[in-house]
Amino acid sequence: MKKIEIANFISLMDNAGDAVTICDSEARIAYCNNEFSKLVGVEREIAVGSKLDDMTRLYRGTGRIKLCESIEGRQNIQLLEGIELESSSGERTHVTVTASVSDEDCSAYTYAIVIIKNIEKLHQARANADMYSNLVEQSHISMIITDLRWRVQYCNPYYQYKYLGERNQINGDDILERLFPNANEDFREMIVFYVEQLGSWTSEERFDLANNEYAWEEIQIQAVRDSYGNMMHYTIMMKDITNRKHTELYIEQEKQTFEAIFENTTVGLLIIDERGIILKTNMEALRIFNAEIQKIVNASFYNLFICTQNSDTVHYKCNHCENCIIAKTLERVMEKDMTIRGQEVIYAAGHKDSKNDEKTVRYLRMNASPAVINQQKHILVALQDITDMKRMSRELIHSERHLRMITNSMLDTIVQINSDNIITYASPSVKQLTGYDVGEIIGRDFRKFVIEKDLESHEVREGITKEFQANTTAEFQIETKFGEERWSQSVGSILKYEEDVSYVFVIRDITEQVEYRKKLQASKNVADEANAAKSLFLANMSHEIRTPMNGIIGMTELTLMTELSPVQKQYLEMVKTSATSLLNIINSILDFSKIEAGKMEADEHIFNFASFINETLMPLRIQAMAKHIKFEFERLTQIPDFLIGDAAKIRQILNNIIYNAIKFTDEGHVAVKISGVNTEGMVFKLKICVEDTGIGISEENQAKIFESFNQADPSATRKYGGTGLGLSISKGLIELLGGRLTMSSELGKGTTMVIDLPMVIGNAFGPIGDNQKIEIPEVSKKLSVLVAEDDEVNQIVVSKLLNLQGHKADITSNGRDAVNLFRDQHYDLVIMDIQMKTMNGIEAMKAMRRISKEQGVSVPIVAFTAHALSEDEAKLKVAGFDDYIAKPVSLKNFFRVIMKNTGMLEEQRFNVDEIMVRIQQEEALGELALTAIQEKIEAIDDAITASNFAAIEMISGQLKHLVKNHTALRRIVLKMELAIRKENIEAFETYFQNFKENLGR
């Protein structure tokens, strides 16, 4: 090589970017350029002539690589990966090494050329690239790289796992279509504009996942540019912000909740800054101040209130003076982070100029607490309007003082006890009652003051101890401090407050009243004995007179059946008429004595009303015709065919009232009008109106006609006759049957009598026809029954049904009265309604069970209820009832339950149809007579059961009239009359049985 070429080569190598060295055949450095000197850290002069391995300490990992052997062995070298060169300072640099050994014999100086390339920056770049690649691959942020047409070139595993599922490759897909399915060209252009001009585009989007879940992502799109600023790719990073969104949603909901509470609470709320300026208020605060929000917000909090220090000044509003309580309160809140409660402030409503105007001043209770809002300290003020509460408090104090004055001045004593019977309050008058001061009696057991024998009374226990029943009146004796026994009466009520229960009684000293009552009772006993003696005298006299009168009438009738001359027959007829009149008077006196003594009882049964009324009115019509006055009968409404009632007593009532109308009417007419109304299914309210055009009664005498042995005009007795008992007896009988008798009259123009009677419809319990029989079971004994029922209609129904079997019924409309009657009287059976006022049926039943246990008796109690399901029956029996009767009443079930629970055997069923079949064979009697005879037979059987001789005699006389055309039957009835007049019941029953047997012959 020429020198000029060598010089150019050397110059070129000196300026080369890589380290270059030339070695001889012994691997000694013959030449090295400046870059080699820098790389190994040795001056060129030192390096030249040195062994190559001494200057180039090469390593792969921890192993040393030597080049000299390869060069000496004429081997080319190429080391590209993982080679480090350690400089003289110990610093290592990543390099690549290539050595080219000449294969020709050439100059010793140019035996081998070694090029060492410094790739440290490339190595670092690769390391960084690997690191970034790992970050991308392992990141929990979705990363996507696209070309400039938005086609996917890369997506990291997280995105693939989260959104692609089994489809793990989307390269080439349009990413905008995947992320924004509804995106149009304008949207794409908008994104490109943001990325090109502003560097990035950011958005928050919601994406659906599997299993109906979703994720919120924050999307950021940026452009990747080359060193010249040209866009090469788009990168899309998607960060999961679902938790943040949930948190934001929760915060928003909490904010809305807070706002709702803030706005809708019943307490006025205000937020105030450190200067006392109102920043926010709720609607309640605006209502309290009666102002619009514009006048409250940004206004001074202090100026809303009346000054609490300078109340006498003209400018009474708070001016935030140095003694201002409101200002000091808020300062403590701000400076010491204190919460102040219960501060009372005064607000002048309507901004009046007078502090003392009660109509405008409002009292507020203020609570204040520190609150940090937007990193600044504020005050949260809560205001509650207590004006009405203060007013009520004043009124309560006034009322309490007033009540205290009243109780202190009362002669009656007020006592309050707790659930342990301990006295917790007593009014001052307790000293007059017991001799003890109030302090001596408080804290003691009230029972200690009551006479021990009185405490054994159930009524007293319910009236003054913890077994107390509201409104129970109790009478008992107390022992005073001085050993004196005094009678007291108490009535009280229960006081309940949350879980606390107490009992308050008003106690009155009734010692004088009890003494007076004892005297009054003694007087009453004397009067009752005298009245009883009178009734007994009347009954005995009636009996003594009736016996010979029966003989007179009977013998007269027997004589009339013999052959007599006309004069003799006329005289005997007059004797019979006079004797019959006298017997009627005696019967009236006997009835009056029974009514007055309270011994008259209803004897009710089912009867045909049409037949009954025709039979009753027929003889009365004849009497009217005999006096030449018109007798009218009118049925104004439809009357049921069969009714339940005491037909005999109703006939007696009609006979008395209509007979009076005929007797006191000399011209004109007597009219009987019958109507009625079906009130509630089974009860029929019968109305019988008797009008006449007789002498009438003056207004002042109308009240007298119902008195015993009295007539409106004494002269009428002389003209018309009579004892004055008819209307008195009729009124008593009507009231006995639960009815009412009213009248209206005008002197000289006539009188109207109106009879109202409650009846039970006979076929209300089932149709009555040719093939169906009404059967009332006859029983072995008559019962005393207590009926507790608050419905008037049901009272009538049950009473009538019980009377059909001859039972006596006491009716009450509430459980409390039923319990009192049960305690004081003996009953064979109780029929109890469930739903009643004052005390319901179940409570009353339990009270009766306690009384029965105390008295050592067992009385069946039957529930009377509209609940008719089987589970209702089970519940009632579990509660303690023996049985139950369902509403509406079934006749068969009613009597079955009564007889089952009172242990009665059914003696017989009285079947009127069997007798009717036989009677109908007697053609001479006719259909009307058959119906009437059927009723008489029933009535006589009932009267025999009741041992009512007067009724037997009266009905026998009516039966004799019905069979007057049948000689054999008439003679038997006549013998029946004679037997009963002699009170020979055995003979009567023999004749009566003979009468029944002869009916079918």
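Position numbers for residues count from 1 along each chain, tracking the sequence in the order it is written. Where totals are concerned, whole chains, interfaces and linings use all residues; where local detail is concerned, this predicted model gives features only for residues with pLDDT of at least 70, and gives and counts side-chain atom pairs only at 80 or more. By convention in this description, side-chain values take in all heavy atoms of the structure and omit both hydrogens and water.

1. What to know about the overall build of the chain
Segments assigned H or I by DSSP are reported as helices when at least four residues long, segments assigned E as strands when at least two residues long, and all are numbered from the N terminus. Counting its secondary structure elements, the chain contains 34 helices and 36 strands. The burial tally for the chain puts 42% of its 1001 residues in the buried class. Long-range pairs, those at least 24 residues apart, make up 55% of the contacts in the chain between residues at least 6 apart in sequence. Residue-level accessible areas treat just the shown protein chains as cover; the underlying method is Shrake-Rupley with a 1.4 Å probe. Carbon and sulfur atoms form 50% of the exposed surface of the chain, whose accessible area is close to 55200 Å². Any residue under 20% of the maximum accessible area for its type is buried, any over 50% is exposed, and the rest in between are partly exposed; the area is computed with a 1.4 Å probe on protein chains only. Here, residues are in contact when the closest pair of their heavy atoms is within 4.5 Å.

2. As for the pairing of strand 1 (residues 19-23)
Across the 5 residues of strand 1, 5 count as buried, placing the element largely inside the fold. Burial along strand 1 is two-sided: the residues A19, T21 and C23 and V20 and I22 are all buried. Where strand 1 lies against strand 7 (residues 112-118), 5 bridges are found, and the strand directions are antiparallel. Bridged to V20 within strand 7 is I115. As paired strands, strand 1 and strand 2 (residues 29-32) are joined by 3 bridges and run antiparallel to one another. Bridge pairing in strand 2 links T21 to C32. Hairpin geometry of strand 1 and strand 2 is characterised by an intervening segment of 5 residues between the two adjacent antiparallel strands and by a positive phi of about 65° at A27. Pairing between strands is defined by DSSP: at least two bridges between the two strands are required.

3. Description of the sheet that holds strand 9 (residues 152-155)
Reading across the sheet, the 5 strands line up as 9-8-12-11-10 and stay open at both edges, with antiparallel pairing between neighbours. With one partner strand each, in any of the chains shown, strand 9 and strand 10 (200-208) form the two edges of the open sheet. Taken pair by pair, the neighbouring strands of this sheet meet at an average axis angle of 25°, ignoring direction. In the sheet, strand 11 (residues 214-225) pairs with strand 12 (residues 231-240) via 9 bridges, with the strands oriented antiparallel. Pairing of A223 across the sheet is with Y234, part of strand 12. Between N-to-C directions, angles span 0 to 180 degrees; the directions come from axes that are lines fitted to C-alpha atoms, helices contributing only their stretch in contact. On top of the sheet, helix 9 (residues 185-198) reaches strand 10, strand 11 and strand 12; it is set at about 140° to strand 10, its chief contact.

4. A short note on the confidence of the model for the chain
Confidence scores here are pLDDT values: one per residue, from the predictor, ranging 0 to 100. A residue-level look at the chain finds 84% of positions with pLDDT of 70 or above and a mean pLDDT of 80. The low-confidence segment residues 351-357 (pLDDT under 50) makes 11 contacts with residues lying over four places distant or belonging to another chain. In the model, residues 769-773 has pLDDT below 50 throughout and makes 4 contacts with residues more than four positions away in sequence or in other chains.

5. As for helix 21 (residues 609-626)
Taking 1.5 Å per residue as the helical rise, helix 21 with its 18 residues ought to reach 26 Å, and the 26 Å between its terminal C-alpha atoms agrees with that figure. The reported bend at a residue is simply the angle between two axes, fitted to the 7 residues ending at it and to the 7 residues beginning with it. Taking the largest bend as the criterion, helix 21 deviates by roughly 30°, centred on M618, and proline P619 comes between one and four positions later. F609, S611, F612, I613, E615, T616, L617, L620 and A624 are the residues of helix 21 that are buried. Here a polar contact is recorded for every N or O atom pair within 3.5 Å, except that within protein the pair must consist of a potential hydrogen donor and a potential acceptor, and residues adjacent in sequence are included only if both atoms are side-chain atoms. With a side-chain oxygen positioned 3.1 Å from the backbone nitrogen of A610, the residue opening helix 21 is N608. Expected span, for any helix, means 1.5 Å times one less than how many residues it has.

6. Looking at empty space enclosed by the protein
A 1.4 Å probe that fits into a set of points on a 1 Å grid over the protein atoms alone but cannot get out defines a cavity; an open set with protein on both sides within 12 Å along at least five of seven lines defines a pocket, and lining residues are those with an atom within 4 Å of a point. Grid points are joined across faces, edges and corners, and a volume is the space filled by probe spheres set on the points. Tallied over the full model, the rule gives 4 cavities of 30 Å³ or more. Volume-wise, the largest cavity comes out at about 90 Å³. If you go around the largest cavity, the residues you meet are H605, F612, A647, A648, R651, E935, K936, A939, M954, I955 and Q958. Of all elements in the fold, only helix 22 (647-663), helix 31 (926-946) and helix 32 (949-962) reach the threshold of two or more residues within the lining of the largest cavity. Three categories are distinguished: nonpolar for Ala, Val, Leu, Ile, Met, Phe, Trp, Tyr, Cys and Pro, charged for Asp, Glu, Lys and Arg, and polar for the others, with Gly belonging to the last. Tallied by class, residues from the lining of the largest cavity come to 6 nonpolar, 2 polar and 3 charged.

7. Regarding the packing of aromatic side chains
Centre distance and the angle of the planes are the two values used to describe a pair of aromatic rings. Here a Phe, Tyr or Trp ring, Trp counted by its six-membered ring, pairs with any other such ring whose centre lies within 6.5 Å, and the pair is stacked when the planes are under 30 degrees apart, edge-to-face when over 60, and tilted otherwise. Applying the stated criterion to the full structure yields 20 aromatic pairs. On the numbers, 5.8 Å between centres and 90° between planes, the contact of F187 with W201 is edge-to-face. Separated by 14 residues along the polypeptide, F187 in helix 9 and W201 in strand 10 bring together distant segments of the chain. On the basis of relative accessibility, which here comes to 8%, the residue W201 falls in the buried class. Judged by centre distance (5.8 Å) and plane angle (35°), the ring pair of F258 and F262 falls under tilted. With F258 and F262 both in helix 10 (residues 242-264) and 4 residues apart, this pair spans about one turn of that helix. Looking at F258, the relative accessible area reads 45%, which means it is partly exposed. Among the aromatic residues, those joined into a ring-pair cluster are F289, F301, Y302, F305 and Y347. Across from the ring centre of Y59, 5.9 Å away, lies the NZ or CZ of R64, which sits over that ring. Here, a charge over a ring is recorded when the distance from Lys NZ or Arg CZ to the ring centre is within 6 Å and its angle to the ring normal is within 35 degrees.

8. Looking at the pattern of salt bridges
Each salt bridge in this description consists of a side-chain nitrogen of Lys or Arg and a carboxyl oxygen of Asp or Glu lying within 4 Å of one another. Inspection of every chain in the model, using the stated rule, returns 44 salt bridges. Here D147 makes a salt bridge to R151, at a shortest N to O gap of 2.9 Å. On the accessibility criterion, D147 (12% relative accessible area) is buried. One salt-bridge network, held together by shared partners, links E204, E218, R244, K245 and E248.

9. Structural notes on the packing of helix 32 against helix 33 (residues 967-981)
Helix 33 packs onto helix 32 with a crossing angle of 160° between their chain directions and a minimal axis gap of 9 Å. Regarding the angle of helix 32 to helix 33, the classification is roughly antiparallel. For the crossing formed where helix 32 meets helix 33, the hand is left-handed. Taken together, the residues of helix 33 that come into contact with helix 32 (itself represented by F949, I952, E953, S956, G957, L959 and K960) are R970, V973, L974, M976, E977, I980 and R981. Looking at the contact of helix 32 with helix 33, its residues break down into 7 nonpolar, 2 polar and 5 charged. Oblique is the label for any angle not under 35 degrees, not over 145, and not in the 65 to 115 range, which are roughly parallel, roughly antiparallel and roughly perpendicular in turn. Each crossing is labelled by how the near helix is turned from the far one, with a counterclockwise turn of less than a right angle marking it left-handed and a clockwise turn marking it right-handed.

10. What about the sheet that holds strand 21 (residues 485-497)?
The antiparallel open sheet is built from 5 strands, whose spatial order is 19-18-22-21-20. The open sheet has two edge strands with one neighbour each: strand 19 (423-426) and strand 20 (474-479). Taking the axes of each pair of neighbouring strands and ignoring which way they run, one obtains an average angle of 35° across the sheet. Pairing of strand 21 with strand 22 (residues 500-509), which is carried by 10 bridges, proceeds in the antiparallel orientation. Paired with S490 across the two strands is I507, which belongs to strand 22.

11. Examining the nonpolar core
Core analysis: the biggest nonpolar cluster contains 40 residues, and F609, F631, I658 and I755 have the highest contact counts within it. Secondary-structure elements contributing two or more residues to this core are helix 21, helix 22, strand 26 (669-678), strand 27 (683-692), helix 24 (726-736), strand 28 (740-746) and strand 29 (750-761). Ignoring sequence-local partners within four residues, the contact set of I658 consists of L617, L620, F631, V672 and V690. Within the second largest apolar cluster, 31 residues are counted, among which are F642, M682, V683 and L802. To define a nonpolar core, start from buried Ala, Val, Leu, Ile, Met, Phe, Trp, Tyr and Cys residues and group those joined through side-chain atoms within 4.5 Å.

12. A look at the pairing of strand 35 (residues 883-886)
Sheet faces and side chains relate simply in a regular strand, where the side chains alternate between the two faces. Here strand 35 shows no split at all, with D883 and I885 on one side and Y884 and A886 on the other all buried. Here 4 bridges tie strand 34 (residues 861-865) to strand 35, and the two strands are oriented parallel to one another. The residue bridging T865 from the neighbouring strand is A886, located in strand 35.

13. Digging into the environment of R981
Mapped onto the elements of the fold, R981 is located in helix 33. Spatially, the C-alpha atom of R981 lies 7.0 Å from that of E953, the residues being 28 residues apart in sequence.

14. Structural notes on the side chain of S675
Mapped onto the elements, S675 comes out in strand 26. According to the relative accessible area criterion, S675 is buried, its value standing at 14%. When neighbours within four sequence positions are excluded, S675 is seen to be in contact with L636, T637, I639, F684, K685, L686 and K687.

15. Structural notes on a nonpolar patch on the surface
Only residues whose relative accessible area exceeds 30% and that take part in no salt bridge are eligible for patches, with like-charged residues grouped when within 9 Å of each other and nonpolar side chains (Val, Leu, Ile, Met, Phe, Trp, Tyr) grouped when within 5 Å. Where nonpolar side chains cluster on the molecular surface, the patch consists of M131, Y132 and L135 and spans about 320 Å² of accessible area. Relative to the helices and strands, Y132 resides in helix 6 (residues 120-138).

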